[in-house]
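Examination of the molecular architecture
One letter stands for each residue in the lines below.
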Amino acid sequence: MLLEIYDEIDELKKREDATILAHYYQDGEIQDIADLTGDSLKLARAATQVDTKTIVFCGVHFMAETAKILNPEKRVLLPDMLAGCSLADSCPAPKLAQYQAKLCEQGVDFETVTYINSTAAVKALSDWIVTSGNAEEIIRRVPEDKEILFVPDRHLGSYLQDVVGRKMILWDGSCQVHEVFSVMDLFSMQRRYPAGITIAHPECPTNIREKSQFVGGTEAMLNYVSSFEQATDFLVATEANMLWQLQKKYPLHHYHPVPGVTCACNKCPHMARNTLDKLKHCLETGSPEITWQPHFEQAQKVLQKSLLN
Ligand code: SF4
């Protein structure tokens, strides 16, 4: 059954001249059929190198939107248009514009640094776009005499404040998956695996990051794990599908998901909306498609300056 649908998708891919990009938080069966897997930064950059007419983006809406903004001439499909993101939703563009106006009235001289997990309308209101992979480098490019308004993730923002040593004004947003890791469960796992190494995504709250030996985005996690030559137990605090990618690339080690307070699965419900059936359906019908919007033009300038230079 699985092989059958893989064959059908491969056929449709050829017929539609399409490339499939998949985020590390997609189900393993989707990552398996993708032409390329990666984190937001890797996929955004890869989207600009794709030579097919169509990109199928297996991820959430803001990711597919970013691929379209960077490739206006290509057709970009998203298997499920309702695959959203709680973090992007926590910063609506009108509310951000209002807050920026208030800071201006107060005479605050600032630049807005925005995490890529945001809508195109929010990106268009920003000076810089960052991913967990390039945030430190970009923040160091903001002139020292400017304040920084960092949106939308307060946990990533607080982590970056510590790493870069620069105070920022933090928007009060968060990711519903990374926010719920249980520090008590992490303690008990660390007791169970005393030689284990805890690796956490910077979207996790401070109490989890402080108890981790390594903090980094998904691509950085893969690099870190690749440096271990002996079989090691890794306690992983990020979206659960990342374990599939770790296991596939570095099968020598054992990976244990850190449980959440409310549920032990840590799967992103938005990413989970994409399925193999929907992937096949969007190739068959050419829908749902991300279409060009007027505000994409300004978002494009900010994205190109931040990610491609
Ligand atoms: Fe958004 Fe969190 Fe899901 Fe990533 S894991 S898509 S930040 S809700």
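Scope of this entry: the structure provided in the associated data block.

1. Regarding the pattern of salt bridges
Inspection of the entire model under this criterion finds 16 salt bridges. A salt bridge links glutamate 136 to arginine 140, with the shortest nitrogen-to-oxygen separation between them at 4.0 Å. Classification of glutamate 136 by relative accessible area gives partly exposed; the value is 33%. Arginine 154 is the salt-bridge partner of aspartate 172, the closest N and O atoms lying 2.9 Å from each other. Taken together, the positions of aspartate 172 in the loop between strand E8 (169-170) and helix H10 (183-192) and arginine 154 in helix H9 (residues 154-164) put the pair 18 residues apart, joining distant regions of the chain. The class for aspartate 172 is exposed, based on a relative accessible area of 59%. According to the relative accessible area criterion, arginine 154 is partly exposed, its value standing at 27%. Beyond isolated ion pairs, a larger network of salt bridges with shared partners links Glu8, Lys280 and Glu284.

2. A word on the pairing of strand E5 (residues 110-115)
Along E5, six of the six residues are buried, which leaves the element largely enclosed by surrounding structure. Neither face of E5 is open: one carries Phe110, Thr112 and Thr114, the other Glu111, Val113 and Tyr115, and all of them are buried. Pairing of E5 with strand E7 (residues 147-151), which is carried by five bridges, proceeds in the parallel orientation. Note on E7: the bridge partner recorded for valine 113 is phenylalanine 150. As paired elements, E5 and strand E6 (residues 128-130) share three bridges and run parallel to each other.

Here is what the cut-offs are and how they apply
- Residues numbered from 1 in each chain as written.
- Predicted model: local features only at pLDDT ≥ 70, side-chain atom pairs only at ≥ 80, totals over all residues.
- Heavy atoms only, no water.
- Salt bridge = Lys/Arg side-chain N within 4 Å of Asp/Glu carboxyl O.
- Buried < 20%, exposed > 50% of the residue type's maximum accessible area, 1.4 Å probe, protein only.
- Helix = DSSP H or I, 4+ residues; strand = E, 2+ residues; numbered from the N terminus.
- Pairing = 2+ DSSP bridges.

By themselves, these observations are geometric and do not establish any function.
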